[in-house]
Amino acid sequence: MKSIQTYATLALAVAVAVLFYFQFSTSNSGTSNIGKSLSDSLTNPGEGLKVAYVNGDSMMSNYGLMKDLEAKFIQDNMVRETKLKSAQSRLESQYRAYQNELSTLTSRERMKKEEQLQQAQQQLMADQQELSQNAAVQEAEMYNQIQDSLQAFFKEFGKELGVDFVLATQKGSGILFANPALDVTGPAIEKLNKRYEAGKTK
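### Let's talk about the overall build of the protein
Within the protein one finds six helices and two strands. Counting from the amino terminus, helix and strand elements in the protein follow one another as α-α-β-α-α-α-β-α. Relative to its 202 residues, the protein shows a buried fraction of 30%. If you sum the accessible surface of the protein, you get close to 12,800 Å²; carbon and sulfur atoms cover 51% of it.

### Points about the nonpolar core
Ranked by size, the top nonpolar core spans 25 residues in total, and within it Val 54, Met 59, Tyr 63 and Phe 154 carry the most contacts. At the level of secondary structure, the elements contributing two or more residues to this core comprise strand S1 (51-55), helix H3 (56-62), helix H4 (64-100), helix H5 (107-161), strand S2 (165-169) and helix H6 (185-200). One finds Ala 87, Leu 91, Tyr 98 and Leu 124 within the second-largest nonpolar core, a separate group that totals six residues.

### Focus: the environment of Asp 68
In this fold, Asp 68 is placed in helix H4. Taking the relative accessible area as the measure of exposure, Asp 68 reaches 34% and is therefore partly exposed. Once residues lying within four places of it in the same chain are set aside, the contact partners of Asp 68 are Tyr 196 and Lys 200.

### Regarding the packing of aromatic side chains
Scanning the entire structure with this criterion turns up five aromatic pairs. Residues Phe 154 and Phe 157 carry aromatic rings whose centres are separated by 6.1 Å and whose planes lie at 75 degrees to one another, so their mutual orientation is edge-to-face. Taken as a pair, Phe 154 and Phe 157 lie in helix H5 at a separation of three residues, close to a single helical turn. A relative accessible area of 1% places Phe 157 in the buried class. Aromatic rings pair up to connect Phe 153, Phe 154 and Phe 157 into one cluster.

### Section: the confidence of the model for the protein
On average, residues of the protein score 82 in pLDDT, and 76% of them are at 70 or above. Here residues 13-32 scores under 50 on pLDDT; set against residues more than four positions off or in separate chains, the count is 32 contacts. Segment residues 41-46: pLDDT under 50, and 10 contacts once partners within four positions in sequence are set aside and those in other chains are kept.

### As for the pattern of salt bridges
Enumeration according to the criterion identifies six salt bridges in this entry. Note that Lys 191 is salt-bridged to Glu 160, the shortest N-O span being 3.2 Å. Here Lys 191 is found in helix H6, whereas its partner Glu 160 is found in helix H5, with 31 residues between them in sequence. Taking relative accessible area as the criterion, Lys 191 reaches 30% and is therefore assigned partly exposed.

### Considerations on the packing of H4 against H6
One can describe the packing of H4 onto H6 by two numbers: an axis separation of 8 Å at closest approach and a directional angle of 60 degrees. Relative to H6, the element H4 lies oblique. Taken together, the residues of H6 that come into contact with H4 (itself represented by Gly 64, Leu 65 and Asp 68) are Asn 193, Tyr 196 and Lys 200.

### Examining the packing of H4 against H5
Running from N to C, H4 and H5 cross one another at 175 degrees; their axes reach a closest spacing of 10 Å. On the basis of their axis angle, the class for H4 and H5 is roughly antiparallel.

### Thoughts on H6
Here H6 contains 16 residues, and its C-alpha end-to-end distance of 22 Å stays within 8% of the 22 Å for a straight helix at 1.5 Å per residue. The secondary structure elements touched by the buried residues of H6 are S1, H3, H4 and H5.

### So, H5
Under the 1.5 Å per step criterion, the end-to-end length of H5 is 80 Å for 55 residues, consistent within 8% with the ideal 81 Å. Positive backbone phi, approximately 75 degrees, marks Gly 162, located one or two places after H5.

Here is what the cut-offs are and how they apply
- Residues numbered from 1 in each chain as written.
- Predicted model: local features only at pLDDT ≥ 70, side-chain atom pairs only at ≥ 80, totals over all residues.
- Heavy atoms only, no water.
- Helix = DSSP H or I, 4+ residues; strand = E, 2+ residues; numbered from the N terminus.
- Buried < 20%, exposed > 50% of the residue type's maximum accessible area, 1.4 Å probe, protein only.
- Areas by Shrake-Rupley, 256 points an atom, 1.4 Å probe, with all protein chains shown as cover.
- Core = buried A, V, L, I, M, F, W, Y, C linked by side-chain atoms within 4.5 Å.
- Contact = heavy atoms within 4.5 Å.
- Phe/Tyr/Trp six-rings, centres within 6.5 Å; stacked < 30°, edge-to-face > 60°.
- pLDDT = per-residue confidence, 0-100.
- Salt bridge = Lys/Arg side-chain N within 4 Å of Asp/Glu carboxyl O.
- Axes fitted to C-alpha atoms, helices over the stretch in contact; angles between N-to-C directions.
- Parallel < 35°, antiparallel > 145°, perpendicular 65-115°, else oblique.
- Expected span 1.5 Å × (residues − 1).

Below is the structure:
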């Protein structure tokens, strides 16, 4: 499942690294309580930009959509593996049957059996390739779904906070230090999951 987590983390990084540049007046009464508290501390002395960040690893491990998609992928993979193992078992049984009756076969019958086994083996390889491609397509679709969801969410969340940037920190990222006062991971996860659950009931 490492590839799925990589896709998901990449989706989050792409989603939250987008510039949320909105013009807000200091007297805007629609700013949320979270936004008001952050407005006091999120400042960039150079340009006056406001920045917040989320922990990408924590975000993806707690996002309901990610959990559901991952569970479905595991289930679908089990079906794919079962189908492939069944086809492999049939081929092995056919080969053992051929070996057992080999001494009783004529040259023509032997050639026919071997041709059938070869065709069955080629079909097994084709099935394996198809199932592998299906898994790759499903992963790509999951990536796109997560990316679209995060981009839509953080566009609104960024407005609510009144910030210009929402960054994602994670192990191995280029961010070596981030002020904990700018961390909005908790509120983001809570609102993200509420939004996802609300969408599931529609």
